[in-house]
Amino acid sequence: MSFREEGEDGRGDLRKPFLHTGSWYRMGSRQSSMMGSSQAIRDSSISVLACVLIVALGPIQFGYTCGYSSPTQSAITRDLKLTVSQFSIFGSLSNVGAMVGAITSGQIAEYIGRKGALMIAAVPNIIGWLAISFARDFSFLYMGRVLEGFGVGIISYTVPVYIAEIAPQNLRGGLGSVNQLSVTIGILLSYLLGLFVNWRVLAVLGTLPCLILIPGLFFIPESPRWLAKMGMNDDFEASLQVLRGFDTDITIEVNEIKRSVASTSRRTAIRFADLKLRRYWLPLMIGIGLLVLQQLSGTNGVIFYSTTIFESAGISSSNAATVGVGIIQVIATALSTWMVDKTGRRILLSVSSSGMAISLLLVSVSFFLKGFVDHDSSFYGILGILSVVGVVCMIISFSLGMGPIPWLIMSEILPPKIKGLAGSVATLLNWFTSWVITMTAPLLLNWSSGGTFAFYTVTSLLAVAFVAIWVPETKGKTLEEIQMSFR
């Protein structure tokens, strides 16, 4: 039954999507069926992996934006005659734009679909990078950074949700972790390219992920769960069949998704009274808790100011250290992507947050002891090495679990009825906490390096307790089974 037919059945309160980005795959399957050629259908099918690789261009853009300010600081401040405070504002404006994007991300993805939301996110990213590349003063620089941040805010919510909704249950963890892996690849690309090209060319190169993403979106199906929620049943089944392969029997999965959609209220508005129900407030609390604790551990502060941390530890080659951090992140996140469907989410989160707490404690103790040791002594050098080892271990631990898995869990546990609103709130709070940590990290490090890392140690211990008490294991379950477990 089509969307319009459902409206005629008296269920017109379902929202019509503002933009439905094509259903060529459905047309192809019909034509192939008419020709009686199952081989033609199989040849035209799109694997889930191909879909994930295309939408992963969004998180690569996300990471590239995060990493851009690190290799360009000295050149931009020199060419545009910026003060340190003006460049600091430039760095923080991506977080401000991302908070605005996060507020709108859930509703945009609900109204026009996951693909439509990514298309909308790509446009301000492209305009933002071009504004930065042609900037002659701080005004264009600031405008471009805000536009980038807005697009990244939408991407940070939409991509993990899309991947979770299209992936089969046995691959969802690994494919979902590709989101964070792509972010780390984007960061590393900005670090590496920044060694060879000037800041204007680096900004132009920043347009490439989204320039490739936009046409790529026309070659992948929309999320079948979103189509089902919108009542577009023909498109929903065609999309799911393409994702699972035309030789696969999707009857059971189709029925599960239909039951899940049917069990939710047809009201489009969410009442605050609804959030008193356990099936809504508990997954919302878990999603927000994980995404906030992810940032409170101070990882962004450590990564963004790793050069300062390494210099205070006695390491002078800041470029090598920065690139080294990027490479370590990519390798550790790739390991998590491979492990998450084998070990489970809870184990990796527990190991990750525990490893972060131990690593941060090592850094904190090292910096505290350096205040009581003579600078010329060999023990001072040993403490410097220990602090660097602690920072590296902290980044590895973060990348193994607390980096990729909170986004994965958020996309898995939120019920369809509140996913748009709740996802926007969780993403907004994540970006707000990131902004607070990024802004306060240099002030705290200037006050007391040891005290700063002691605070981050405490928040990592809180994450250990939070995971142990509240976070459910979602490995090997369908999205419908996960959401039913909260009832």
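Residues numbered from 1 in each chain as written. Predicted model: local features only at pLDDT ≥ 70, side-chain atom pairs only at ≥ 80, totals over all residues. Heavy atoms only, no water.

Colleague: Residue-level account of the overall build of the chain, with values.
Modeller: Secondary structure assignment for the chain yields 23 helices and zero strands. Counting all 487 residues of the chain, 57% fall into the buried class. Long-range contacts, defined here as pairs at least 24 residues apart, represent 83% of the contacts in the chain between residues at least 6 apart. In the form shown here, the chain has an accessible surface area of approximately 19600 Å², with 68% of it arising from carbon and sulfur atoms. (Helix = DSSP H or I, 4+ residues; strand = E, 2+ residues; numbered from the N terminus. Buried < 20%, exposed > 50% of the residue type's maximum accessible area, 1.4 Å probe, protein only. Contact = heavy atoms within 4.5 Å. Areas by Shrake-Rupley, 256 points an atom, 1.4 Å probe, with all protein chains shown as cover.)

Colleague: Go over the side chain of serine 399 with me, naming the residues and quoting the values.
Modeller: Mapped onto the elements of the fold, serine 399 is located in helix 19 (residues 378–402). Take serine 399: its relative accessible area is 1%, and that puts it in the buried class. Once you skip the residues sitting within four places of it in the chain, serine 399 turns out to touch Gln329, Ala332, Thr333, Ser336 and Pro404.

Colleague: Tell me about the side chain of serine 223, and name the residues and values.
Modeller: Secondary-structure assignment places serine 223 in the loop between helix 10 (208–216) and helix 11 (224–229). We classify serine 223 as buried; its relative accessible area is 0%. Within the structure, the side chain of serine 223 is placed 2.6 Å from the side chain of glutamate 165, a separation counted as a polar contact. If we skip the residues at most four places from it in the chain, serine 223 touches Arg114, Tyr162, Glu165, Ile166 and Ser239. (Polar contact = N/O pair within 3.5 Å; in protein donor to acceptor, adjacent residues only side chain to side chain.)

Colleague: Please set out the confidence of the model for the chain residue by residue, giving values where relevant.
Modeller: Per-residue confidence for the chain gives a mean pLDDT of 84; residues scoring 70 or more make up 85%. Counting interchain partners and residues more than four positions distant, the pLDDT-below-50 stretch residues 1–19 has 44 contacts. Low pLDDT, under 50, characterises residues 21–45; the predicted model gives this stretch 32 contacts beyond four residues in sequence or across chains. (pLDDT = per-residue confidence, 0-100.)

Colleague: Tell me what's going on with the pattern of salt bridges, and back it up with residues and numbers.
Modeller: Two side chains bearing opposite charge may form a pair once their charged atoms approach each other closely. All told, the structure shown has 13 salt bridges when counted by the stated rule. Here the residues in one salt-bridge network are Glu110, Arg114, Glu165, Lys229 and Lys419, joined through shared partners. (Salt bridge = Lys/Arg side-chain N within 4 Å of Asp/Glu carboxyl O.)

Colleague: Explain the packing of helix 18 (residues 345–370) against helix 22 (residues 449–470) residue by residue, including any values.
Modeller: For the pair helix 18 and helix 22, the least separation of the axes is 8 Å and the interaxial angle reads 160°. In this view, helix 18 runs roughly antiparallel relative to helix 22, as classed from their interaxial angle. You can see that helix 18 and helix 22 cross each other, and the crossing is left-handed. Along the lines of polarity and charge, the residues of the contact of helix 18 with helix 22 split into 16 nonpolar, nine polar and one charged. (Axes fitted to C-alpha atoms, helices over the stretch in contact; angles between N-to-C directions. Parallel < 35°, antiparallel > 145°, perpendicular 65-115°, else oblique. Left-handed = near helix turned anticlockwise from the far one by under 90°. Nonpolar A, V, L, I, M, F, W, Y, C, P; charged D, E, K, R; others polar.)

Colleague: If you had to explain a nonpolar patch on the surface to someone new, which residues and values would you point to?
Modeller: Residues Leu361, Leu362, Val365, Leu369, Phe379, Ile382, Ile385, Leu386 and Val389 make up a contiguous nonpolar surface patch of roughly 720 Å² in combined accessible area. Going through the elements one at a time, helix 18 and helix 19 are the ones with two or more residues in the nonpolar patch. By secondary structure assignment, the location of phenylalanine 379 is in helix 19. The exposure class of phenylalanine 379 is partly exposed, given its relative accessible area of 40%. (Patch = residues over 30% accessible without salt bridge, like charges linked within 9 Å, V, L, I, M, F, W, Y side chains within 5 Å.)

Colleague: Give me the lowdown on the packing of aromatic side chains, citing residues and values where you can.
Modeller: Counted under the stated rule, the structure contains ten aromatic pairs. Ring centres 5.4 Å apart and planes at 75° place the aromatic pair tyrosine 64 and tryptophan 129 in the edge-to-face group. Of the two residues, tyrosine 64 sits in helix 5 (residues 57–79) while tryptophan 129 sits in helix 6 (residues 84–133), which places them 65 residues apart along the sequence. Given a relative accessible area of 3%, tyrosine 64 falls into the buried group. On the basis of relative accessible area, tryptophan 129 is assigned to the buried category, the value being 0%. Aromatic pair phenylalanine 455 and tyrosine 456: ring centres 5.9 Å apart, planes at 55°, arrangement tilted. A residue is classified by how much of its surface remains accessible, and phenylalanine 455, at 40% relative accessible area, is partly exposed. Owing to a relative accessible area of 2%, tyrosine 456 belongs among the buried residues under this scheme. (Phe/Tyr/Trp six-rings, centres within 6.5 Å; stacked < 30°, edge-to-face > 60°.)

Colleague: Explain the environment of isoleucine 395 residue by residue, including any values.
Modeller: Secondary-structure assignment places isoleucine 395 in helix 19. Sequence separation between isoleucine 395 and leucine 360 is 35 residues, and the spatial gap between their C-alpha atoms is 9.9 Å. Residues in contact with isoleucine 395, not counting those within four places in the same chain, are Val325, Ile328 and Gln329.

Colleague: A description of helix 12 (residues 233–244) should follow, citing residues and the corresponding values.
Modeller: The end-to-end C-alpha separation of helix 12 is 16 Å, in line with the 16 Å expected for twelve residues at 1.5 Å each. The buried count for helix 12 comes to ten of twelve residues, which makes it a mostly enclosed element. Within helix 12, the full set of buried residues consists of Asn233, Asp235, Phe236, Ala238, Ser239, Leu240, Gln241, Val242, Leu243 and Arg244. Following helix 12 by one or two positions, glycine 245 adopts a phi angle in the positive range, close to 100°. (Expected span 1.5 Å × (residues − 1).)

Colleague: Any chance you could break down the packing of helix 12 against helix 13 (residues 251–263) for me, citing the residues and the numbers?
Modeller: Where helix 12 contacts helix 13, the two axes come as close as 11 Å, and the packing angle between them is 135°. With respect to helix 13, the element helix 12 is oriented oblique. The chirality of how helix 12 crosses helix 13 is right-handed. In contact with Phe236, Glu237, Leu240 and Arg244 of helix 12, helix 13 contributes Glu253, Val254, Ile257 and Lys258. The residue inventory of the contact of helix 12 with helix 13, partitioned by class, reads four nonpolar, no polar and four charged.

Colleague: How would you explain helix 21 (residues 419–447) if you had to name every residue and give the values?
Modeller: Because an α-helix completes one turn every 3.6 residues, residues spaced three or four positions apart along the sequence face the same direction. Over its 29 residues, helix 21 extends 41 Å from the first C-alpha to the last, a length consistent with the 42 Å expected when each residue adds 1.5 Å. The sharpest bend along helix 21 reaches about 40° and sits at alanine 441, with the proline proline 442 one to four residues further on. (Bend = angle between axes of the 7 residues up to and from the residue.)

Colleague: For the environment of valine 146, give the residues involved together with the corresponding values.
Modeller: Topologically, valine 146 is positioned in helix 7 (residues 138–166). For valine 146, a relative accessible area of 31% puts it in the partly exposed group. A C-alpha to C-alpha distance of 9.2 Å links valine 146 and valine 100, two positions 46 residues apart in sequence. Among residues more than four places away in sequence, those in contact with valine 146 are Leu93 and Gly97.

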